[in-house]
Number of protein chains: 2
Amino acid sequence: MATRMKLKLKTVFVLYFMVSLLGLVYALMQLGQRCDCSEHDLPKDRTISRLRGELHRLQEQMRKSDATKQPQKQPARPTIFVITPTYARLVQKAELTRLSQTFLHVPQLHWIVVEDSPHKTPLVTDLLVKSGLTYTHLHMPTAKDRKLQEGDPSWLKPRGVEQRNEGLRWLREDGRAQPGGDSQQGAVYFADDDNTYSLQIFEEMRSTQRVSVWPVGLVGGMKYERPVVEGGKVVRFHTGWRPSRPFPMDMAGFAVSLKLVLANPEACFDGEAPMGFLESSFLQGLVTMDELEPKADNCSKVLVWHTRTEKPKMKREEALQAQGLGSDRAVEV
Amino acid sequence: MATRMKLKLKTVFVLYFMVSLLGLVYALMQLGQRCDCSEHDLPKDRTISRLRGELHRLQEQMRKSDATKQPQKQPARPTIFVITPTYARLVQKAELTRLSQTFLHVPQLHWIVVEDSPHKTPLVTDLLVKSGLTYTHLHMPTAKDRKLQEGDPSWLKPRGVEQRNEGLRWLREDGRAQPGGDSQQGAVYFADDDNTYSLQIFEEMRSTQRVSVWPVGLVGGMKYERPVVEGGKVVRFHTGWRPSRPFPMDMAGFAVSLKLVLANPEACFDGEAPMGFLESSFLQGLVTMDELEPKADNCSKVLVWHTRTEKPKMKREEALQAQGLGSDRAVEV
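Residues numbered from 1 in each chain as written. Chains lettered and ligands numbered in written order. Predicted model: local features only at pLDDT ≥ 70, side-chain atom pairs only at ≥ 80, totals over all residues. Heavy atoms only, no water.

1. Brief notes about the overall build of chain A
Alright, step 1. Across its full length, chain A holds ten helices and twelve strands.
Alright, step 2. Per-residue burial over chain A gives 50% buried out of 333 residues.
Alright, step 3. Long-range pairs, those at least 24 residues apart, make up 73% of the contacts in chain A with a sequence separation of at least 6.
Alright, step 4. By element, 55% of the accessible surface of chain A is carried by carbon and sulfur atoms, the whole surface being about 17100 Å². (Helix = DSSP H or I, 4+ residues; strand = E, 2+ residues; numbered from the N terminus. Buried < 20%, exposed > 50% of the residue type's maximum accessible area, 1.4 Å probe, protein only. Contact = heavy atoms within 4.5 Å. Areas by Shrake-Rupley, 256 points an atom, 1.4 Å probe, with all protein chains shown as cover.)

This is the structure we're talking about:
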């Protein structure tokens, strides 16, 4: 009887031992993964968890309502990396505001904003945080001797060269280290902050294999410039000036695949290139005219416009400032 | 012997039970606190902005799919009726494109586009159809003697007067006849097609009771113009020119409640008003300075910018056209 009792107890003990061992092993595994959240500032963590909660609720809601409609698994969409050089000026916040509103409509877009500045400015930092976009904020001051001076005509020196190159450096060095950054699926586009972009152009460029091209409106003293396509291939360029340049295209008229950018670590913009040859300085090591992929319905549609915003006049501001009645400098414009 | 053995086993069992229970409790606590460490390397701001972006996109998506389902679930949000005068020019499509992208983020917005033209143009018609917005497309040509001529300075004659009045007429006559048009819940805003609008400004104006006001950036030769608020009331205006005007404000700086527009069927813009008095000609019959509702944090934030887009130069286009090599007229720009 006692022996049977002992046996039964032993069995229970062994069983319990095994079960609790599993619990212990699990606890130890948890210890290994442990991260100390208390180190990080609480308000942000709270914001993150609140946002995650809302996101989760919405996703659940959508899953339920979508369940009857369509299978929910979509193929991974290539990311569009948009590199935007920007510099401080009166219209900067306005320009970045409307540009961010455009990008907010584009799925799977990563905005790389590079300030021409020795440091990140609060204006751009704040705008990006509030934008709702996935972004990377960089800065790279233009060397003094390469910078346009007040009053210089805008064509005298190319603007944004060192900033675009800094964006490329980030993609090659830091971007790769991001989660999923090694997939090389994506397109790289150089979008200045004063142009106008239709939403369609982003879907056109998303499938870029090497270098895709399309028309740009209101550029170079023309209604539009564009690659001329015959039999599905680019055979020449419609442009008002030096069509013999290797790639007589505006910055807004092409996208390059991330794969090609990463495979050619030396490709960058040459600030010393003669006027009109900046785009060519980047593209000529990457692709031949024959390899260009025409988009926008064989380059027959204008989906990007090289708009330029007037520099606002400040005559009355200056007159009032002279009387000590100028606008409050604390108000961000 | 057996009893002692049993006792010892029991003690060991109890002790082991307590120890492993502690382990289990710890494991459970870990589960509760669980946090995703892989994201801690990324700056938190980026995580927050990414989450905000995803949230925004989902909300947009849901709004779109909800729009087709049933609108009765949410408490009725006042509609924002945006009246935009527009006229044919090289940058028109670009301007309307980016403006429509802004409006597409704003819930319950009805865009009233009034072309300065004897007929609706295909360019604007097509753009509106594809915009995804709720809109009304009108046209009203400006009388010849009131029209700016090529080369006239832009301040010589006010632009958009008859178009804004046509928008008001539509609200009073046809808009009322629309389903729900008699609810009188809403705000009326005059948004020119070249300005820049933050999304925030639309939420500010949505609750307009009579006339709401806020600062406008980069206008009138100033960094900004704004109503000056003391004790929650507008007491004067910060402007660089004739502050004695009844309402020295830009068109982009105020919204009027639909109720007030409908209750004052004679209120309209006077094209014969002296320069700078156009806004006053409309507002002075509707409201007194004392009644203005200051928005944008007591008029301390600039949420709208009076940006102006440069007229593109067409020198090369003209040279090429002279040789019969101009841009294809069939391509819409």
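2. Observations concerning the packing of aromatic side chains
For any pair of aromatic rings, the description rests on two quantities: the centre-to-centre distance and the angle between the ring planes.
Residue and element names in this part refer to chain A.
Alright, step 1. Going through the model one piece at a time under the given rule, you end up with 22 aromatic pairs over all chains.
Alright, step 2. Look at phenylalanine 190 and phenylalanine 254: their rings are 6.3 Å apart centre to centre, the planes differ by 55 degrees, and that puts the pair in the tilted class. Here phenylalanine 190 is found in strand S4 (residues 186-190), whereas its partner phenylalanine 254 is found in strand S10 (residues 254-257), with 64 residues between them in sequence. Each member of the pair, phenylalanine 190 together with phenylalanine 254, is buried.
Alright, step 3. An angle of 25 degrees between the planes, with centres 4.5 Å apart, marks the rings of phenylalanine 269 and phenylalanine 282 as stacked. With a gap of 13 residues between them, phenylalanine 269 in the loop between helix H7 (258-263) and helix H8 (278-283) and phenylalanine 282 in helix H8 connect regions that are remote in the sequence. Of the two residues examined, phenylalanine 269 and phenylalanine 282, each falls in the buried class. (Phe/Tyr/Trp six-rings, centres within 6.5 Å; stacked < 30°, edge-to-face > 60°.)

3. Regarding the side chain of Asp192(B)
Residue and element names in this part refer to chain B.
Alright, step 1. Relative to the helices and strands, aspartate 192 resides in the loop between strand S4 (186-190) and strand S5 (196-197).
Alright, step 2. Exposure remark for aspartate 192: the relative accessible area of 19% places this residue in the buried category.
Alright, step 3. When near neighbours in sequence (up to four residues on either side) are disregarded, aspartate 192 contacts Thr84, Pro85, Leu99, Arg164 and Tyr197.

4. Some details on the UniProt feature "active site" (unreviewed entry) in chain A
Alright, step 1. Mapped onto this numbering, the UniProt entry annotates "active site" (unreviewed entry) at Glu279(A).
Alright, step 2. Using a relative accessible area of 10% as the deciding quantity, one classes Glu279(A) as buried. (UniProt positions renumbered as here; feature names shortened; annotations may be inferred.)

5. So, the UniProt feature "site: Interaction with galactose moiety of substrate glycoprotein" (unreviewed entry) in chain A
Residues and elements named next belong to chain A.
Alright, step 1. Under the local residue numbering, the UniProt record ascribes the feature "site: Interaction with galactose moiety of substrate glycoprotein" (unreviewed entry) to Glu225.
Alright, step 2. Turning to its location among the elements, glutamate 225 is positioned in strand S8 (residues 224-230).
Alright, step 3. For glutamate 225, a relative accessible area of 10% corresponds to the buried category.
Alright, step 4. Apart from residues no more than four positions distant in its own chain, glutamate 225 is found in contact with Pro215, Val216, Val219, Gly220, His238, Thr239, Gly240, Pro248 and Asp250.

6. Focus: the packing of helix H3 (residues 92-103) of chain B against helix H4 (residues 122-131) of chain B
All names here are of chain B.
Alright, step 1. Running from amino to carboxyl end, H3 crosses H4 at an angle of 20 degrees, the nearest separation of the two axes being 11 Å. Taken together, the axes of H3 and H4 are roughly parallel relative to one another. Note that H3 runs across H4; the crossing there is right-handed. Between H3, through Gln92, Lys93, Leu96, Thr97 and Ser100, and H4, the contact on the second element is made entirely by Leu123, Val124, Leu127 and Ser131.
Alright, step 2. For the contact of H3 with H4, the per-class residue count stands at four nonpolar, four polar and one charged. (Axes fitted to C-alpha atoms, helices over the stretch in contact; angles between N-to-C directions. Parallel < 35°, antiparallel > 145°, perpendicular 65-115°, else oblique. Left-handed = near helix turned anticlockwise from the far one by under 90°. Nonpolar A, V, L, I, M, F, W, Y, C, P; charged D, E, K, R; others polar.)

7. Overview of the confidence of the model for chain A
All names here are of chain A.
Alright, step 1. Of all residues in chain A, 77% have pLDDT values of 70 or greater, and the mean over the chain is 86.
Alright, step 2. Note that residues 32-42 has pLDDT below 50 and, in this model, 14 contacts with residues that lie over four places away or in other chains.
Alright, step 3. Taken as a whole, residues 67-71 scores under 50 in pLDDT and shows one contact with residues more than four places along the chain or in a different chain.
Alright, step 4. Taken together, the chains of this predicted complex give a pTM of 0.79 and an interface ipTM of 0.79. (pLDDT = per-residue confidence, 0-100.)

8. Quick notes on the sheet that holds strand S10 (residues 254-257) of chain B
Residue and element names in this part refer to chain B.
Alright, step 1. Read from one edge of the open sheet, seven strands run S3-S2-S1-S4-S10-S6-S11, paired in mixed fashion. Each end of this open sheet is capped by a strand with a single partner; those strands are strand S3 (134-139) and strand S11 (293-294).
Alright, step 2. Bridge count for strand S6 (residues 211-213) against S11 is two bridges, and the pairing is parallel. Residue serine 212 lies in a different strand from S11, and its bridge partner there is glutamate 293. (Pairing = 2+ DSSP bridges.)

9. Digging into the sheet that holds S10(A)
All names here are of chain A.
Alright, step 1. Pairing in this open sheet of seven strands is mixed, and the strands run S3-S2-S1-S4-S10-S6-S11 from one edge to the other. In the strand order of this sheet, the two ends are held by strand S3 (134-139) and strand S11 (293-294), each with one partner.
Alright, step 2. Of the strand pairs in this sheet, S4 and S10 are connected by three bridges, and their pairing is antiparallel. Bridging from a neighbouring strand, valine 188 pairs with valine 256 of S10.
Alright, step 3. Sheet strands in contact with helix H4 (residues 122-131) are strand S2 (109-115) and S3, and its direction is about 170 degrees off that of S3.

10. Some thoughts on the environment of His110(B)
Alright, step 1. Mapped onto the elements of the fold, His110(B) is located in strand S2 (residues 109-115).
Alright, step 2. Remark: the alpha-carbon pair of His110(B) and Leu138(B), spanning 28 residues in sequence, is separated by 13 Å.

11. Considerations on the pairing of S2(A)
Residue and element names in this part refer to chain A.
Alright, step 1. With seven of its seven residues buried, S2 lies for the most part within the structure.
Alright, step 2. The side-chain alternation of S2 yields two buried faces, one formed by Leu109, Trp111, Val113 and Glu115 and the other by His110, Ile112 and Val114.
Alright, step 3. Sheet analysis places strand S1 (residues 79-86) next to S2, joined by seven bridges and oriented parallel. Opposite phenylalanine 81, over in S2, you have histidine 110 as the bridge partner.
Alright, step 4. You can see the chain leave S2, run along H4 and come back into S3, and the turn it takes is right-handed. (Right-handed = clockwise from strand over helix to strand, strands pointing away.)

12. Remarks on the pairing of S2(B)
All names here are of chain B.
Alright, step 1. In this fold, strand S1 (residues 79-86) hands off to H3, which returns the chain to S2; that crossover is right-handed.
Alright, step 2. For S2 and S3, the ladder comprises six bridges, and the chain directions are parallel. If you follow tryptophan 111 over to S3, its bridge partner there is tyrosine 135.

13. Some words on the pattern of salt bridges
Alright, step 1. On inspection of all chains with the given rule, the structure shows 28 salt bridges over all chains.
Alright, step 2. Here Glu166(A) and Arg169(A) are joined by a salt bridge, their closest N and O atoms 3.0 Å apart. Placement of both Glu166(A) and Arg169(A) in helix H5 (residues 161-173) is noted, with a separation of three residues, approximately one turn of the helix.
Alright, step 3. What makes Arg169(A) partly exposed here is its relative accessible area of 26%.
Alright, step 4. For Asp193(B), the salt bridge goes to Arg89(B), with nearest N and O atoms at 2.8 Å. You can see Asp193(B) sitting in the loop between S4 and S5 and its partner Arg89(B) sitting in the loop between S1 and H3, a full 104 residues away along the chain. (Salt bridge = Lys/Arg side-chain N within 4 Å of Asp/Glu carboxyl O.)

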